[in-house]
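# Residue-level structural notes
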Amino acid sequence: MSWQLALYNGLWRALTPLVRRYLRKRARKAPAYLEHWDERFGQALSPKAAGAIWIHAVSVGETRAAQPLVAALRREWPDAPLLLTQMTPTGRATAEQLYPDAEIRYLPYDYPQAAADFLRAYRPRCGVLMETEIWPNLIHAAAAQRVPLLLANARLSEKSLNGYRKIAGLISPALAELTAVAAQTVEDGERLTKLGARNVSVCGSSKYDIDVPEAQRHLAAGFRARAGGRPTLLCASTRDGEEALILDAWLAAGDAVGDALLVMVPRHPERWDQVERLAAERGLKPQRRSDGAAIAADVRVWLGDSMGEMFGYLGACDVAFIGGSLLPYGCHNLIEPAQMGVPALFGPSVFNFQQAAADSLAAGAGRQVGDAAELVSTALSLMDDPAAGEAMRQGAARFRDAHRGASERMLALIRQALSC
């Protein structure tokens with residue numbers, strides 16, 4: 001055992017009281033953080049069936065991104081049980097919605113014994129970690145118990161690579177023990193290889209393979225009807241600090257806004273009340289999606305206080321801004337607007353979706369803005385220019401279609417891993 005792994009394990013033991021305190025603190029705004037507590041600490045190990053195909057997806061985005069891969073795996077092994085693990089309540093709720101027949105639980109924190117006990121109890125046929133989930137003890141335990149474990153939709157920014165290099169003695173041995181790595185881009189693959197990963201293939205992102213459910217298209221039509229034909233800017237997956245900037249810019253635009261509607265869907269449910277207050281404090285009358293009523297003519301901000309309906313919001317808007325990009329959060333899913341054929345705007349911070357941002361710009365599907373004022377002015381301009389909006393919608397289709405097929409490439413890697 002390296003000294004870095006020994007230190008890592010010591011920190012987990014020492015910081016356990018702080019971890020428990022953190023969960024209680026989060027529970028003040030999101031009470032679900034207190035549910036299934038024992039699962040997080042390696043207890044409540046009671047599998048419904050052994051030999052499951054196991055997918056670990058941290059939160060909502062990763063859980064949704066797993067959909068096409070799960071579908072491919074089920075076509076390949078229709079009789080295998082499905083096990084989904086998450087780290088957040090919103091991710092768990094999304095998994096329960098998308099996979100009602102699966103076994104769903106939290107992945108234990110990365111204590112050595114908890115990781116080993118989890119794998120010993122569930123005995124999965126194989127495991128897939130979505131995106132860059134590098135848990136050293138879990139990976140070591142999988143290797144020791146001969147559970148094929150793959151990293152899928154893997155991405156690694158230059159910034160993250162530099163950070164991981166400082167703890168290479170902890171991370172590199174874990175990456176080297178993975179059965180295979182399915183990187184999103186050539187650059188991601190090169191960085192992961194530099195960090196110690198082996199058997200790296202460039203497969204793309206399964207997010208491009210998601211087929212929009214018909215129910216979401218019906219939902220979008222319903223949302224459009226509730227808006228009464230008003231031009232609509234959607235601000236999707238916004239993060240703390242971004243809403244205030246956007247609301248101020250919307251207010252500053254004055255008469256240029258006309259009767260346009262601003263739809264805000266914060267990333268985290270515990271912030272819905274806060275965002276509603278921010279709008280009301282600025283004199284921008286808010287209304288919540290959950291009230292079920294048509295949007296009143298004097299409402300300026302419609303608050304998307306619901307989970308699992310992003311395609312509905314996207315399908316009902318004229319222009320979509322993708323949050324987490326005005327401030328240095330690294331951006332959120334730039335692929336979803338393309339799947340709905342919607343012009344996409346995003347801010348300067350895109351380190352989590354750097355290649356997708358570049359591809360979106362190249363296809364004419366997206367535009368990058370420098371700040372909230374430019375976001376609002378660009379959105380209003382597009383809403384006033386049907387030809388420009390249509391050109392971006394066509395670009396969205398090109399962007400989407402050019403990158404499909406990642407899930408089948410990942411399936412081939414998993415098939416190969418299980419045949420060894």
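Given the structure is predicted, the values throughout are model-derived calculations rather than measurements.

Bringing the overall build of the protein into the picture now. For the protein, the helix and strand inventory stands at 19 helices and 14 strands. Relative to the globule expectation of 22 Å for 420 residues, the C-alpha radius of gyration of the protein, 22 Å, shows essentially globular dimensions. By principal-axis analysis of the C-alpha atoms, the protein measures approximately 65 × 45 × 45 Å. For the protein, with 420 residues in total, the buried portion stands at 57%. Here the contacts in the protein between residues at least 6 apart in sequence split such that 68% fall between residues at least 24 apart. Just so you have it, the protein exposes about 17400 Å², and 52% of that area is on carbon and sulfur atoms. Across the protein, the mean location of the 47 positive side-chain charges is 6 Å away from that of the 45 negative side-chain charges.

Together, Trp3, Leu7, Leu11, Leu15 and Leu18 make up an exposed nonpolar region whose accessible area comes to about 520 Å². Overall, the relative accessible area of 63% leaves Trp3 in the exposed class.

When the UniProt feature table is mapped onto this chain numbering, "domain: 3-deoxy-D-manno-octulosonic-acid transferase N-terminal" (unreviewed entry) sits at residues 35-210. The distance from the first to the last C-alpha atom of residues 35-210 is 30 Å, and the span holds 44% helix and 18% strand.

Turning next to the nonpolar core. If you look at the biggest cluster of nonpolar residues, it comprises 47 residues, and the most contacted ones within it are Trp54, Tyr109, Phe118, Leu138 and Leu175. The residues touching Leu138, leaving out its near neighbours within four places in the chain, are Trp54, Leu107, Asp110, Ala115, Phe118, Leu119, Leu129 and Leu149. Core analysis: the second largest hydrophobic core is formed by 37 residues, Tyr208, Phe223, Trp302 and Tyr313 among them.

Here the focus is unusual backbone geometry. Positioned with a positive phi, Glu131 is a non-glycine residue whose angle comes to about 65 degrees. Its place among the elements puts Glu131 in the loop between β4 (126-130) and α7 (136-144). One non-glycine residue, Arg146, adopts positive backbone phi at about 55 degrees. Overall, Arg146 belongs to the exposed group, its relative accessible area being 76%.

The next point concerns the pairing of strand β6 (residues 180-183). Residues of β6 alternate between two faces, with Ala180 and Ala182 on one and Val181 and Ala183 on the opposite face, all of them buried. In this structure, strand β5 (residues 149-154) lies alongside β6, joined through three bridges in parallel fashion. Bridge pairing in β6 links Leu151 to Val181. Bridging between β6 and strand β7 (residues 200-202) involves three bridges; their strand directions are parallel. When the bridges of β7 are listed, Val181 appears paired with Val200. On the question of chirality, the crossover connecting β6 to the parallel β7 by way of helix α10 (residues 186-194) is right-handed.

In this section: the sheet that holds β7. With parallel pairing, seven strands are arranged side by side in an open sheet as β3-β2-β1-β4-β5-β6-β7. Two strands close off the open sheet at either side, each with one partner strand: β3 (103-106) and β7. When the angles between neighbouring strand axes are averaged without regard to direction, this sheet yields 20 degrees. Note: β4 against β5, four bridges, orientation parallel. The residue of β5 that forms the bridge with Gly127 is Leu149.

Attention shifts here to helix α12 (residues 242-252). The set of residues buried in α12 consists of Glu242, Glu243, Ile246, Leu247, Ala249 and Trp250. Down the axis, α12 shows its buried residues gathered within 165 degrees of arc, on one side only. At the C-terminal side of α12, Gly254 shows a positive phi close to 60 degrees.

Conventions we followed
- Residues numbered from 1 in each chain as written.
- Predicted model: local features only at pLDDT ≥ 70, side-chain atom pairs only at ≥ 80, totals over all residues.
- Heavy atoms only, no water.
- Helix = DSSP H or I, 4+ residues; strand = E, 2+ residues; numbered from the N terminus.
- Rg over C-alpha atoms; globule rule 2.2 N^0.38 Å.
- Buried < 20%, exposed > 50% of the residue type's maximum accessible area, 1.4 Å probe, protein only.
- Contact = heavy atoms within 4.5 Å.
- Areas by Shrake-Rupley, 256 points an atom, 1.4 Å probe, with all protein chains shown as cover.
- Lys, Arg positive; Asp, Glu negative; His and termini not counted.
- Charge placed at Lys NZ, Arg CZ, Asp CG, Glu CD.
- Patch = residues over 30% accessible without salt bridge, like charges linked within 9 Å, V, L, I, M, F, W, Y side chains within 5 Å.
- Salt bridge = Lys/Arg side-chain N within 4 Å of Asp/Glu carboxyl O.
- UniProt positions renumbered as here; feature names shortened; annotations may be inferred.
- Core = buried A, V, L, I, M, F, W, Y, C linked by side-chain atoms within 4.5 Å.
- Pairing = 2+ DSSP bridges.
- Right-handed = clockwise from strand over helix to strand, strands pointing away.
- Axes fitted to C-alpha atoms, helices over the stretch in contact; angles between N-to-C directions.
- Arc of directions from axis to C-beta.

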